[in-house]
Amino acid sequence: MTPRPRKPSDESAAPTPPATPAGPGAASGKSPKAAKPAKRARSAKKAAAKAPAPVTAPSATAPPVTAPPSTEPPVTESPVGEGDRARLLSGTHHDPHGVLGAHSVPGGTAFRALRPYAKAVAVVADGLRAELRDDGDGFFSAVLPLRAVPADYRLHVTYEEAELEIHDAYSFLPSLGEFDLHLIGEGRHEELWKALGARPMTHRGATGTRFTVWAPNAQGVRVVGGFNFWDGTGFPMRSLGGSGVWELFVPSVGEGELYKFEITRPDGSTTQRADPLARRTEAPPANSSVVHESHHEWHDREWLARRGDLPVHQAPFSVYEVHLASWRPGLTYRQLAEQLPAYVSDLGFTHVELMPVAEHPFGGSWGYQVTGFYAPTARLGTPDDFKFLVDALHRAGIGVLMDWVPAHFPRDDWALAEFDGRTLYEHEDPARSAHPDWGTLEFDYGRKEVRNFLVANASYWCEEFHIDGLRVDAVASMLYLDYSREDGEWTPNAHGGRENLDAVSFLQEMNATVYRRSPGVVTIAEESTAWDGVTRATHHQGPGGFGGLGFGLKWNMGWMHDSLDYVAKEPVHRKYHHNEMTFSMVYAYSENYVLPISHDEVVHGKQSLVSKMPGDWWQQRANERAYLGFMWAHPGKQLLFMGQEFAQGAEWSEGHGPDWWLLDPAYGAEPDHRGVRDLVRELNTVYRREGALWQRDTDPGGFAWVDGDAAEDNVFAFLRCPAQNTAGSDGRPLLAVSHFSPVVRHGYRLGVPDEFAAWQEVLNTDEARYGGGDVTNPDPLKPEPVASHGRPASLRLTLPPLATVWLRPA
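Please read all numbers here as calculations on a predicted model, not as lab measurements.

What counts and what doesn't
Residues numbered from 1 in each chain as written. Predicted model: local features only at pLDDT ≥ 70, side-chain atom pairs only at ≥ 80, totals over all residues. Heavy atoms only, no water. Axes fitted to C-alpha atoms, helices over the stretch in contact; angles between N-to-C directions. Helix = DSSP H or I, 4+ residues; strand = E, 2+ residues; numbered from the N terminus. Parallel < 35°, antiparallel > 145°, perpendicular 65-115°, else oblique. Contact = heavy atoms within 4.5 Å. Nonpolar A, V, L, I, M, F, W, Y, C, P; charged D, E, K, R; others polar. Salt bridge = Lys/Arg side-chain N within 4 Å of Asp/Glu carboxyl O. Buried < 20%, exposed > 50% of the residue type's maximum accessible area, 1.4 Å probe, protein only. Pairing = 2+ DSSP bridges.

Caption draft 1: Looking closely at the packing of helix 6 (residues 333-347) against helix 18 (residues 670-689). As a packed pair, helix 6 and helix 18 sit with axes 7 Å apart at the nearest point and diverge in direction by 70 degrees. Judged by the angle between their axes, helix 6 and helix 18 are roughly perpendicular. Contact residues: helix 6 offers Tyr343, Asp346 and Leu347, while helix 18 offers Arg677, Val680, Arg681 and Asn684. In the contact of helix 6 with helix 18, the residues fall into three nonpolar, one polar and three charged.

The structure is reproduced here in C-alpha cells:
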C-alpha cells in the first residue's frame, strides 16, 4: 500500500460534486433541544440502532454488509492517551486529526476511532478487515502491521441493531487551502461564503460536506446535526493554525442535512450555534442551519448584460416596495413569481424593493433583526426558490433591490451574540456594542474579520442571487458614535470627533467592492442626517475631510418629512408651510436622491398615505393624486410602499397585507381605489417616456422654477429639462404644475420658454378616469407674448382643484 503523508501544511481543494441526498436529519422540522447526557446517549444509541447512517453518494443509506473481507491481520493495542481522551470527550481538542484516524507508528499503522454507542468498529482496506479494540467511552484502536497508511480505508461500525460502512472523517487532510486562510486572516476574502459554512463537495474521492466556522476564542468546536443524532462527541473539528477557523470534512453528509456548531467556550461551558455563513436555514421558529447546494439555472443573462447601460442616477428608477410575506399572504417564492412580476410590470415600476429577505426570527417584522445573513428566509421556500423569483422579475424587465442590514444584529443565544463565548462580531466595549434604541448589538467594524463577513455578504447577494441593488438600513446609526447616546455615554474617536471612523471605512470598502465586482448594481443609503458625501465617490474628499461613502443613491428623508407635513395640513393653512415643499430644492443636488414613501411612513400609527390627507374622501384621494404627481415630477427617484398605489385607507398589517378587496368590482367604492392605481400606472408610463423627468436628476440644469412663491395659491410650478444631444431625447422640457387648493383656478398665468408654439397636457391627476372632477386642458395651449415669471411668454391654463398637471411642447 502507498503511504499517505499527513503533514499539517499539506492541503488540497476539490471541486464541488453533484448534491447528495438528504440524510436522516433532513426531514426534521425542529431544532434539537438540550438533553441530559445519559438521556441523550440513550436516544442517540436507539436512533443509531434503528437508522443506519449514509455511506456514500448517491445512496444516503448504506446497504447491509453481506460479507466481510477474507483476511484479518494480527493487531496490537494503541489507545488514545488520557490527555487527548479527556479533551476529545469534553470537546476541547484543537487537533482531533492528530489523534484519530490512521497514523504511522513503530510496528505498523495505528487506527483510532471515536464512535460513541458503537458495539464494534473494524477497519476495511484493500481486501483486509481488522477489528479494533474497544477502549471504552466510544474509543476504538489497534495497530495493524502495515508499512504505510492505506490510501483509502473505511470503518465498519456495528451498532446494536444496525451496521454501516463509512469513510473515516479523520483520514482527510484539510479541504480549505492556505490561500483561503491567508485571505481570511487578512480580512480580504471577497468570496467568504465559498470558504466558510457548510459546503457539499468531493474530497479525495469521497462525497460529503466540509464544515468550517470562524470561532477564535473557542476551546473546541464540534459539528452536530441530524446525521449524528445531535451528538457531536464523535465529530470534533480541527483548528487551522492561528486563523481562528475550525474545519471538518464529514463524508456521506449531503444536501438537506440539519446542523449546528457545538462550541466549548473559554469558561468550559458549551453552546450550540447556527452557522453564521449558513446558506439555508430551517423555517422559524426552528433555527438549525441546513446544508445547501444550489441547482437553479439562471435565465436572465440578457438582463444582467444591459442593466448597467445607463448609470442609475441618469436612468428611470421608480420602485415598488414589497413586504414579501404579506404582499399576498400564504404565497411561496415560486407562487409570488407567478403574480408579482406581472403586477409590477403592469403598473410600470422599474424596480421592486423586497423586504425582508435575510432570515430573521419574527415573521411579522420588517426583518431588521437578522439571524441568517447569508440565507433567504425559509418561510417562503428554499434559496433556489428565491432565485426563481428574482429570475422571473428580471425576465419581466424589473430590477430587484433588497433591504440589507449591516448596522446591528439581535441577541438570540443561538446566533451571533458572543458567538464563541466572548465578544466576536460585536464590539468589545459594551458602550459601543449595545444599540440604545433596538436592544440589539452593533458590529465591530474595526475588526477585519467582521468587516470581511459583511463586505462579502453584500457581494454574496449580488453575485449568488443576482440582486440589482442593496438598500442599506440605518446608515446614520453606524456613522455616529453618539447616535441616540447622551453625553458621557460615548467616547470620541482618535481625533476627538463623534464620527465612527471604523464604520466610515467599512462602508467605503463595501461600496467599492460591490461596484467593482458587480457592474450595474446600485447601493442605496437610508441615511437621515446631513452627512457630507454619502453618494460621493470614495476617493473624492469632501469639505469635512472624509472621502465619499460611495453609495449610488440616498433616501431623501428631509423631502419626505417636509412634504408629508405640508400635505397633512388643511389647504387653508398650507400657505404658511409653503417653504416645506420648496426647501428640498435648496439641497436637491447635494446627493443622488430617492424620494421615499416607504413602509416606515404608513405604519405604527402614522396612517396610510391617503389617510394622512385632510378633508372628505374625495379630497383625500385628490390630495394623494396631486401629491404623487408632484413626487414623480420632483428631481430624484421614486419609491412607494405597497398598498399606497390604490389608496388603501388602513395601515399595513403583517397578518393580511394590503387590502386587495378594495379592488374587488363587487365593492361599491372600487372605482375610487382603481382610479388611484390607474394614475400610478400612468405616472410611470409618462415618466419612463419623458427623459426630462429622470435624465438630469442630479444636474441643477435639469430643473428651473417657474413659480415657487405662489403660497397664497398653494401652487408649485417648475420645468424639468432633458439632457441635450442624448439618444432618445428630443430636447423638449416638461412643465409640472401642482395645485394644492380645493378650488378651480381659470386663466392661471405661468411663464414658459418662448421657442415652442404650443403646449399639450400629457397628465392630469383630476381626470375622471382617476376619480377626479375632470377639469382639464384638452386643447393645445398657445403661449401669449406676455412676460411672466421672468420669461417673455406665458400660458393661461386652468388649474383643477387638488391636482397636478404635466404639460410638454406639442
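After that view of the structure, there is still more to cover.
Caption draft 2: Examining the pattern of salt bridges more closely. What the rule picks out here adds up to 41 salt bridges. The salt bridge involving Glu190 is made with Arg517; its shortest N-O contact spans 3.0 Å. Of the two residues, Glu190 sits in the loop between helix 3 (178-186) and strand 9 (197-203) while Arg517 sits in helix 11 (residues 501-517), which places them 327 residues apart along the sequence. Judged by relative accessible area, Glu190 falls into the partly exposed class, the value being 24%. Accessibility expressed as a relative area gives 25% for Arg517, which makes it partly exposed. The partner of Arg745 in a salt bridge is Asp713, with the nearest N and O atoms 3.6 Å apart. Of the two residues, Arg745 sits in strand 32 (residues 745-752) while Asp713 sits in the loop between strand 29 (703-710) and strand 30 (715-720), which places them 32 residues apart along the sequence. A cluster of three or more residues bridged by salt bridges with shared partners is formed by Glu190, Glu191, Lys194, Glu463, Arg516 and Arg517.

Caption draft 3: Seen up close, the sheet that holds strand 35 (residues 803-809). Taken together, the five strands give an open sheet; going across it, the order is 29-30-31-35-33, and neighbouring strands pair in antiparallel fashion. Unpaired on one side and paired on the other, strand 29 and strand 33 (759-764) mark the two borders of the sheet. Neighbouring strand axes in the sheet, compared pairwise and without regard to direction, differ in orientation by 20 degrees on average. The pairing of strand 31 (residues 734-739) with strand 35 spans five bridges and is antiparallel.

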